[in-house]
Each structure stands twice: as C-alpha cells, then as structure tokens.
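Structural overview
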Amino acid sequence: MPADVCLSRLQISHVRNLESVKLEGLRRVNVFYGHNGSGKTSVLEAIHMLGMARSFRGSIKSLVTHGEPHCTVFGVLGPAKTTLGIQRSRSGEVKIKVGGSPIRTVAELVEYLPLQVINADSFDLLTGSPGARRQYLDWGVFHVEHRFFDQWQRFQRGIKQRNQLLRRGKMLTDELSVWTNSLVESGEALSRYREAYFNLLIPRFKQIMAQLAPSLGGLELRYRRGWDKQLSYKEALDGCVAADLEQGYTHVGPQRADIRMLINGHLAAETLSRGQQKLAVCGLKLAQGQLMTETGRGQCTYLVDDLPSELDREHSGLVCRQLAAMKAPVFITCVHKKDIESAWPPGDKQDLAMFHVEHGSVSLQ
Ligand SMILES: Nc1ncnc2c1ncn2[C@@H]1O[C@H](COP(=O)(O)OP(=O)(O)OP(=O)(O)O)[C@@H](O)[C@H]1O
C-alpha cells in the first residue's frame, strides 16, 4: 500500500507545552521557528506520535503535559483524507484509530505515515551502537519489502527461545537443534532481504552525497550480515554451539548485523567532523526516502529538528535543495525564520508554510 502521506490538518492536545494546537494551512514543507523552549520540537514529536505511536525522545510520561492524564494527536492525510488518531495515557494505555476505526498494532499504523527523523540523536547512526544501524536498515526493508516483517518477527521469536534454552545450561541437543533449524530459515531470509535492500540503497546514497558533500567522495558503506560470509547460517551456528552453550546466548546471526561507513578506508565515525557527520546522516536518511518512492511505496515524511545546527549556510542550503528536489513532505524547525527561508531554493519557496511557535502556541505567518 503506497503511503498517502501529505498531512493536511493536525490537532495536538497536551503534548509537552502544546496544550491545544490546531494546524491548518499545512503545505508540503512546514517550517516551525521560535525561541528555545517555545515548543518546536514538541510539534515534531506530536507528528511522530501520529505515525509511530511514540515519541523520538524520552518516555511517554515525559511527553504528556504535566498534570494531564493523556495526550492526543489527530491528523488528516493526503487527498484521500484518511484520518489518524492516537491517544496515549501516562499509564501506558494506547488507542489508535485509522479512518475512525480502532487498529491493534503499531505495525499497521506505521504504513500510513512513514517517518524519517533527522535530529541530534541521528548521529547515533554513525557513532552509536550497531543496534541503531540495524534499526535504520530494517526501517527501509520494512517499507519496501512487505514479506520482511513476518521473517523479522519469526527470527525475534526464534532467537529469544534459543537463548532461553542456552541459558538453562543443560545439553538438550534435540531441542536446541529444533530452534537452531527454525532460526536458520528466518535468519537466512531476513539477511537476504537486508542485503538486497542495502545493494539498492548504496547507489542512491552515493548520488545524494555527491550533491551534499562532493569532498566526501571517498565515503563507502559496507554491510555485515552478522556471520562469516564464507559460511551458511547453519554452518556458522553449528560452529559456535560450544561458545553459545558456555555463555548462554547465540553469538552469530542477523542480530549482529551492522553497516560500516568508511572514508578513504578509515572509520567515518572517528574521522569525519561533526558537520560532515551530519551530512552523511542526512545522506543516509534521504537515500531511504528516495528508494521508498522509487519502489512505488509512496513518500516518507521528514521531521528535521534544528537543521542549521552543525551546518554552515552553504551545506544547510544543499540539504534543503535535496529535500526540495525529492518533493517529500517536510516538517522542519529552526530558531530564526530566515534560517530556512533563505536556505530553501528560490524556485521552490511556494511550497513553504511558515509557523511561528511561541510559549506553546503555533500561528501561521
Ligand atoms: N511534560 C511536559 N509538560 C509541560 N511542559 C513540558 C513538558 N515537557 C517539556 N516541557 C516544556 O515544553 C517546552 C517545549 O519544549 P521543546 O523541546 O518543544 O522546545 P523547542 O522549541 O524545540 O526548544 P529548543 O529550541 O530549545 O530546542 C519547553 O519549555 C519544556 O520545558
């Protein structure tokens, strides 16, 4: 199902300092500007709630306005006018409605409003743990290959069971081989999907980086699937049984997959400047959006928090140019109106809607 993504209306209640905000007049690119602490990031968090039923920072408790029992976000999507509604309470209760009807799982919800966040935490993609990079990769595979999620779930179940068995510490060889075999099937499939996706992603990433940072031409991405590439997954698991039993967990497999970014053969995380890292992160996120659109899965919406930080004017402008060229829906924050207004390509300024955020109120300028 291609995502019908452009948000045309948004209503936010009790998200941090946004007590009651109604946004109409949204365009493809929506800029939220205002002083520190005014509520700009909270608008992005509210949209993230709408698409994924959770925030991208902190717990749900911290997201709900102090003293209120729950927060609510309601949105209208695209020409089909699909409505999305999310309510989350401090106590953890979640209510999700699509087109007025309740839905049960977040996996169903995320197909309606695929989101990419670019913020200070996005640096984790380069400098954080492999988990952040697997999450990045899996987001992409999930949105272009719909058979992936089923295999991903099977694998998660399988590895949990196998690890529990290993932790029991007894040599239950028959039982262990049952779980090993089921893990082999889902693990190989999961890995094939990831690898195929990664191979599609690389040329898009290179092409975008050539525009964003031509001086980083030596940038290279490598995928590691989580076990020796000379071996089948079965062979790799069999080779590790003794270590698995001794330490009580499965050592090899897609749960150890990673993406390495190198610049002229050196680890990018240890070599690139902060600004260069941000450009590389933008390149990774933009490449995913482009690939999603090219594979007919619709467009993802970009939530970009404080684009100008870490970037000089020239590079802010280059990121804006890429976002404009993709024709993707964008919600972007900055302190001063002119930060984005002046960086956006002159020929695409008609796509911009400017909103001033002040003490939790948002007004269209
Ligand atoms: N649960 C909450 N209830 C009420 N207010 C909150 C809650 N959590 C945070 N706030 C306040 O909400 C305001 C909005 O924060 P937000 O992070 O959206 O600001 P911002 O405009 O993005 O600021 P900056 O430019 O500094 O990043 C802040 O003043 C913050 O102290």
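Residues numbered from 1 in each chain as written. Predicted model: local features only at pLDDT ≥ 70, side-chain atom pairs only at ≥ 80, totals over all residues.

Glancing now at the environment of Leu272. Mapped onto the fold, Leu272 is located in the loop between α10 (268-271) and α11 (274-294). Overall, the presence of 22 C-beta atoms within 10 Å leaves Leu272 in the buried class. The residues touching Leu272, leaving out its near neighbours within four places in the chain, are Ile263, Gln277 and Ala280. (Helix = DSSP H or I, 4+ residues; strand = E, 2+ residues; numbered from the N terminus. Buried ≥ 20, exposed ≤ 12 C-beta atoms within 10 Å, placed from the backbone. Contact = placed C-beta atoms within 7 Å.)

Residue position: Ala213 is located in the loop between α7 (173-212) and β9 (219-224). For Ala213, a count of 21 C-beta atoms within 10 Å corresponds to the buried category. Ignoring anything within four residues of it in the chain, the contact list for Ala213 reads Gln276 and Leu279.

What follows is about the UniProt feature "binding site: ATP" (unreviewed entry) in the protein chain. If you check UniProt for "binding site: ATP" (unreviewed entry), the listed places come out as Gly34, His35, Asn36, Gly37, Ser38, Gly39, Lys40 and Thr41 in our numbering. Within the element layout of this structure, Ser38 appears in the loop between β3 (29-33) and α1 (40-52). Residue classification places Ser38 among the buried positions, given that 21 C-beta atoms sit within 10 Å. Those residues in contact with Ser38, other than ones at most four positions away along the chain, are Val357, Glu358 and His359. Checked against the element boundaries, Thr41 lands in helix α1. (UniProt positions renumbered as here; feature names shortened; annotations may be inferred.)

This part is about the site of the ligand. Taken together, 14 residues sit near the ligand, with Asn17, Asn36, Gly37, Thr41 and Ser42 positioned nearest. If one sorts the elements of the shell around the ligand by residue count, α1 sits on top with 3 residues. For the shell around the ligand, the per-class residue count stands at 1 nonpolar, 11 polar and 2 charged. (Near = placed C-beta within 6 Å. Nonpolar A, V, L, I, M, F, W, Y, C, P; charged D, E, K, R; others polar.)

As a further point, take the domain arrangement of the protein chain. One can read the domain layout of the protein chain as domain 1 (1-114 + 301-365) and domain 2 (123-297). Of note, the centres of domain 1 and domain 2, computed from C-alpha atoms alone, are 29 Å apart. In this complex, domain 1 contributes 14 residues to the contact, which on the side of domain 2 involves 16 residues. By residue number, the principal contributor to the side of domain 1 that touches domain 2 is helix α12 (residues 313-326), which donates 5 residues. Tallied by class, residues from the side of domain 1 that touches domain 2 come to 10 nonpolar, 2 polar and 2 charged. (Domains from an automatic or database assignment.)

Between its first and last C-alpha, α11 extends 30 Å over 21 residues, near the 30 Å set by a 1.5 Å rise per residue. Gly296 sits one or two residues past α11 and shows a positive phi near 75°. (Expected span 1.5 Å × (residues − 1).)

On to the pairing of β9, then. Residue alternation in β9 divides its side chains into a buried set, Leu219, Leu221 and Tyr223, and an unburied set, Glu220, Arg222 and Arg224. As paired strands, β9 and strand β10 (residues 258-263) are joined by 6 bridges and run antiparallel to one another. Bridging from a neighbouring strand, Glu220 pairs with Leu262 of β10. (Pairing = 2+ DSSP bridges.)

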